[in-house]
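# A look at the structure
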Amino acid sequence: MVARGLMLALSRAGHIELPVVKMRPPNPLAVRVRPAAMAAMERMPVLVSLRELGSVIFRQVRRTADEGDFNSLLESHHYLGYTQPVGEQLKFMVYAGSRPVALFAWSSAARHLGPRDRYLGWHPEVRRRNIRLLAYNTRYLILPWVQVPHLASHLLSRMTRMLSAEWEKVYGHPVYFAETFVDTTRHRGTCYRAANWVMLGRTQGRGKDDLTHRPNRTLKDVLGFPLVADFREQLLLA
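Here is a short report on the structure shown in this document. (Residues numbered from 1 in each chain as written. Predicted model: local features only at pLDDT ≥ 70, side-chain atom pairs only at ≥ 80, totals over all residues. Heavy atoms only, no water.)

Let's shift gears to unusual backbone geometry. You will see that R63, though not glycine, has its phi angle at about 65°, which is positive. In this model, H150 sits at a positive phi of 70°, which is unusual for a non-glycine residue. With respect to the helices and strands, H150 occurs in the loop between β4 (134-142) and α6 (151-171). (Helix = DSSP H or I, 4+ residues; strand = E, 2+ residues; numbered from the N terminus.)

Read across the sheet, seven strands follow the order β1-β2-β3-β4-β5-β7-β6 without closing on themselves; strand pairing throughout is mixed. Each of the sheet's edge strands pairs with one partner strand only, and the pair in question is β1 (56-60) and β6 (198-202). Across the sheet, the mean angle from the axis of one strand to that of its neighbour is 30°, orientation sign disregarded. (Pairing = 2+ DSSP bridges. Axes fitted to C-alpha atoms, helices over the stretch in contact; angles between N-to-C directions.)

Before going further, it helps to examine the side chain of R99. With respect to the helices, strands and loops of the structure, R99 is situated in strand β3 (residues 99-108). Taking the relative accessible area as the measure of exposure, R99 reaches 18% and is therefore buried. A distance of 2.8 Å separates a polar side-chain atom of R99 from the backbone oxygen of M44. Beyond its immediate stretch of four places on either side in the chain, R99 contacts E42, R43, M44, V46, V94 and W145. (Buried < 20%, exposed > 50% of the residue type's maximum accessible area, 1.4 Å probe, protein only. Polar contact = N/O pair within 3.5 Å; in protein donor to acceptor, adjacent residues only side chain to side chain. Contact = heavy atoms within 4.5 Å.)

In terms of burial, strand β2 (residues 89-96) is largely enclosed, as eight of its eight residues are buried. Residues Q89, K91, M93 and Y95 of β2 are buried on one face, and the alternating residues L90, F92, V94 and A96, pointing to the opposite face, are buried as well. Bridging between β1 and β2 involves five bridges; their strand directions are antiparallel. The residue of β2 that forms the bridge with I57 is Y95.

Shown next as structure tokens:
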């Protein structure tokens, strides 16, 4: 894809002449089939205290038989729906007993993110080399029938404690810093702040592929969380 993009750019600039296009195969990345609805599952309201809920179990379901259920629940109950993550990615379902109560989706971090890059204080070359050591929380969902006070921040704290080790199991390297966006027109990010995530700044509302330099979407708070005490030393290694 990189080579193809380069050849198209050279052609459009008039440096080379490409053969006439004979066919345009469908692009599976452009038109994705939405996750199918899950089979019926128990939706009895869970209205208990955190102590009464009892122990919870985190299961990494990426590339397992439960990944379809994860995608379906996210598509059905998260306001952003389900979108296929890019790059490295992990998916966690959190269970209380046999019932899922929450979902976490993680993926590779954005290459350029001003508030985060200024917070970390890294040089562009170091960022390019070490960006793989960051994780982006793309989705976090407490299922709508689960109403347990303080559950969201409790699960988030537990998730970040295990994230680096889980990442290393799948991809052979740890992650040292986590980040996420909070759309403040819909949420306040209370559970992140209660779990000691740091406010890094705010997006400019232009998106990663912006060419107009004008806001075209809602501004979002950028929050971050160090996964190890020496995260800066690890991320600034040349």
